[in-house]
Amino acid sequence: MTTAVNDMVRTYPADLGGVNREKLTRCIQECLACSQACTACADACLAEPHVVELVKCVRTDLDCADICDVTGRVLSRHTGYDANITLSQLRACATACRSCADECELHGDRHEHCRICAEACRRCERACDELLLAMS
């Protein structure tokens, strides 16, 4: 996946309007990785014996996964680019990742999958924030 994202951004034939290709590539990669981690964490939470205690975590994981997935797809499209949409989506993704990481960290000492998910969310949040800063 990492190579494909890098290759696709690198070979895009048109100008990206000054968007830093390295930060863009990293952000897409982190969004896709975070989506997978959140989906897997939600599933792992559902397999825990005390799943009732993890309902909010499952919901937050699934919301974050969806938002990260969409963000990765929006960032992968450059033709007819609309900065307002992209910037709004990046902000939403950073917010979702922050919320999900906060929730998963509440369970990370008891559930390894929540700790791993929180780390993926923090990486994605940072990547979104760095791309937002580069685009400002």
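These notes cover the structure that comes with them. Computed from a predicted structure; not experimentally measured.

What about the nonpolar core?
Grouped together as the largest cluster of nonpolar side chains are 39 residues, with contacts concentrated most on C64 and C121. Among the secondary structure elements, those contributing two or more residues to this core are helix 1 (2-10), helix 2 (21-47), helix 3 (55-75), helix 4 (83-107) and helix 5 (112-135). Excluding anything up to four places from it in sequence, C121 contacts C34, C38, C64, C97, C100 and A101.

Some details on helix 4
In this model helix 4 runs 36 Å from its N-terminal to its C-terminal C-alpha over 25 residues, within 8% of the 36 Å that 1.5 Å per residue would give. A distance of 2.9 Å separates the backbone nitrogen of N84 from a side-chain oxygen at the start of helix 4, and that oxygen is part of D82.

Describing the side chain of T25
On the secondary structure map, T25 appears in helix 2. Take T25: its relative accessible area is 6%, and that puts it in the buried class. At 2.8 Å, the side chain of T25 forms a polar contact with the backbone oxygen of R21.

Rules used throughout
- Residues numbered from 1 in each chain as written.
- Predicted model: local features only at pLDDT ≥ 70, side-chain atom pairs only at ≥ 80, totals over all residues.
- Heavy atoms only, no water.
- Core = buried A, V, L, I, M, F, W, Y, C linked by side-chain atoms within 4.5 Å.
- Buried < 20%, exposed > 50% of the residue type's maximum accessible area, 1.4 Å probe, protein only.
- Helix = DSSP H or I, 4+ residues; strand = E, 2+ residues; numbered from the N terminus.
- Contact = heavy atoms within 4.5 Å.
- Expected span 1.5 Å × (residues − 1).
- Polar contact = N/O pair within 3.5 Å; in protein donor to acceptor, adjacent residues only side chain to side chain.

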